[in-house]
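Read off the chains here:
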Amino acid sequence: MTTNETPYDGGCACRFVRYRMNTKPLFVHCCHCRWCQRETGASFALNAMIEADRVELLRGEVDVVDTPSASGNGQRIARCPRCRIAVWSNYGGGGDLVRFVRVGTLDEPDRLRPDIHIFTMSKQAWVVLPPEIPAVHEYYKSSEMWPPESLERRAKLFPSQPKQ
């Protein structure tokens, strides 16, 4: 699980972009889908889901690049305009309200372990998942996996949306 200590500072490789997550994230996904593998050039993506208004841009600016996604709703990837590192994304479902911060861009990425492994149906065969972290074949219902505090925060973001 994530640590309660805040803030979580991060940025791009050239340090032009610096940001701060002012609270712990809602939930941390380790996604093993083929789209994430392609986008990262790695075996999975590790994303900290957090309300956009809790992510403060401390320095620099980001270029937002619209890209396709498996859902068909697309994603908007925020990249440093100089070194092109992706620092966060916004997906169609959460719109501009939720950011998926790339945990690897944090100054201390070890502070955020995954809360769940998703889309394990397409994980690389050599990746061994730890037994103490939930893993699902595809996706899950947040109402069954998220801690109560995160569900409350999500309900404030999307008051008219039914619970998942």
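Predicted model, so just to flag it, every value in this text is computed and none were measured.

1. With respect to the packing of aromatic side chains
Turning to step 1, where the next piece is worked out: Summed over the entire model, instances satisfying the criterion amount to 6 aromatic pairs.
Turning to step 2, where the next piece is worked out: Between Phe27 and Trp146, the ring centres sit 5.6 Å apart and the planes meet at 25 degrees, which makes this aromatic pair stacked. Residue Phe27 is located in strand β3 (residues 27-31), and its partner Trp146 is located in the loop between α2 (142-145) and α3 (148-157); the two are separated by 119 residues in the primary sequence.
Turning to step 3, where the next piece is worked out: By relative accessible area, which is 7% here, Trp146 ends up buried.
Turning to step 4, where the next piece is worked out: Residues Phe119 and Tyr139 carry aromatic rings whose centres are separated by 6.3 Å and whose planes lie at 40 degrees to one another, so their mutual orientation is tilted. Of this pair, Phe119 sits in the loop between β10 (116-118) and α2 while Tyr139 is found in the loop between β10 and α2, placing the two residues 20 residues apart along the sequence.

2. Some remarks on the nonpolar core
Turning to step 1, where the next piece is worked out: The biggest cluster of nonpolar side chains holds 18 residues, and the ones touching the most others in it are Tyr19, Met21, Val101 and Leu112.
Turning to step 2, where the next piece is worked out: Every residue in contact with Met21, bar those within four places of it in the chain, is listed here: Pro7, Tyr8, Ala48, Ile50, Arg54, Val55, Val101, Leu106 and Leu112.
Turning to step 3, where the next piece is worked out: Leu26, Met49, Ile116 and Trp146 belong to the second-largest nonpolar core, a separate cluster that totals 16 residues.

Calculation rules
- Residues numbered from 1 in each chain as written.
- Predicted model: local features only at pLDDT ≥ 70, side-chain atom pairs only at ≥ 80, totals over all residues.
- Heavy atoms only, no water.
- Phe/Tyr/Trp six-rings, centres within 6.5 Å; stacked < 30°, edge-to-face > 60°.
- Helix = DSSP H or I, 4+ residues; strand = E, 2+ residues; numbered from the N terminus.
- Buried < 20%, exposed > 50% of the residue type's maximum accessible area, 1.4 Å probe, protein only.
- Core = buried A, V, L, I, M, F, W, Y, C linked by side-chain atoms within 4.5 Å.
- Contact = heavy atoms within 4.5 Å.

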